[in-house]
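Inside the fold
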Amino acid sequence: MTVTQRWSEGWPAPAKLNLMLRVTGRRADGYHELQTVFQFVDIVDTLSFRLRDDGGIQRASALSGVPEAEDLAVRAATLLKRHCPDAPGVDIRIDKRLPMGGGLGGGSSDAATTLVALNHLWGCGLDQDALARLGLALGADVPIFVRGQAAWAEGVGARLQPLALDQPWYLVIVPPVHVSTAEIFRAPELTRNSSAITIRAFIAGDRRNDCLPVVRDRYPEVAQVVDWLGKYVEPQLTGTGACVFGVFASEQQARALQEKMPSGWKGLVTRGLNRSPLLDRLDERSE
């Protein structure tokens, strides 16, 4: 392998929060019909890319518990190269900050950042719609990260409508447990017939997550966080968890509660973002 370029560094892969999640039905193919709202937050994984002249795609950083072939960033690069066959290879390095299995979308965000960054670095010329379609093959959440705007989502998560939301501060508590999304959506006790709501109802305060009762019952570590946080603010689950968050008007308020957390707990104070920092990085590279 001969390296042809230096590392292109600083490509952010932000976390997301689901501010609401309703399961409104189940399709014949087993996928669930959802309504949800995505907003980004300013904690990120950071990806770097180094082009290779041998066409190979390799991971240059280990990811505990994730074989290279199953890494969503590697899979994203491999998928994009099929649509850009003249592209060189790439080494991918991930500075991992987002917890896995927490409902923050880290793997999906890494995949989206890989698609967006390599589309630019390889000169593939695919537009955002094409990248979002590719991303959907990797996971239902990938298109939201490709598009980079806070959004209302329906269906399996691919029908997106951008939203201009308040950008509050959050305290995100990370229980020491990995929640299986597949397990939660297979659970017989999961509500699958919630009535659909409107964006207006969400803005007015309907923030229910249908997965919360199931996750709470099956994961005592999550239930403990929900009960503790509920003494101070309304606790919310992002996606299928495990992360639980509260909403605050200021960073100071969020950090004050963070300081009260029981010893040994992990909490992240972060700001809501309606625009992904990935779009800002792409703009910088395109200038």
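Please read all numbers here as calculations on a predicted model, not as lab measurements.

Below, the discussion takes up the pairing of strand S4 (residues 89–95). A regular strand places its side chains on the two faces of the sheet in alternate fashion. The element S4 is largely enclosed, with a buried count of 5 among its 7 residues. Here strand S2 (residues 32–52) runs beside S4; their pairing, made up of 7 bridges, is antiparallel. Looking across to S4, one finds that Leu 47 is bridged to Ile 94. Strand direction decides the pairing type here: strand S3 (residues 57–59) and S4, joined by 3 bridges, are parallel. Among the inter-strand pairings, Arg 59 is bridged to a residue of S4, identified as Ile 92. With helix H1 (residues 72–83) bridging S3 and the parallel S4, this β-α-β connection has left-handed handedness.

In this structure, Ala 242 follows Gly 241 across a cis peptide bond, with omega equal to 20°. Mapped onto the elements, Ala 242 comes out in the loop between strand S8 (236–237) and strand S9 (244–248).

Before going further, it helps to examine the layout of surface pockets. Considering only enclosed or pocket space, the largest pocket measures out at about 1,400 Å³ in volume. Along the wall of the largest pocket there are 50 residues; nearest its centre are Leu 72, Ser 108, Gly 139, Asp 141 and Thr 181. Of all the elements in the fold, those that place two or more residues in the lining of the largest pocket are strand S1 (8–26), S2, H1, helix H2 (106–121) and helix H5 (181–186). By residue class, the composition of the lining of the largest pocket is 20 nonpolar, 20 polar and 10 charged. Here the second largest pocket defines a volume of roughly 270 Å³. If you trace the second largest pocket, you find 15 residues lining it, with Leu 19, Asp 166, Pro 168, Arg 207 and Val 247 closest to the centre. Breaking the lining of the second largest pocket down by element, the ones donating at least two residues are helix H6 (199–203) and S9. The leading source of residues in the lining of the second largest pocket is S9, at 3 residues. For the lining of the second largest pocket, a count of residues per class yields 9 nonpolar, 3 polar and 3 charged.

Parameters at a glance
Residues numbered from 1 in each chain as written. Predicted model: local features only at pLDDT ≥ 70, side-chain atom pairs only at ≥ 80, totals over all residues. Heavy atoms only, no water. Buried < 20%, exposed > 50% of the residue type's maximum accessible area, 1.4 Å probe, protein only. Helix = DSSP H or I, 4+ residues; strand = E, 2+ residues; numbered from the N terminus. Pairing = 2+ DSSP bridges. Right-handed = clockwise from strand over helix to strand, strands pointing away. 1 Å grid on protein atoms, 1.4 Å probe; cavity = no way out; pocket = protein on both sides within 12 Å on 5 of 7 lines; lining within 4 Å. Points joined across faces, edges and corners; volume = space filled by probe spheres on them. Nonpolar A, V, L, I, M, F, W, Y, C, P; charged D, E, K, R; others polar.

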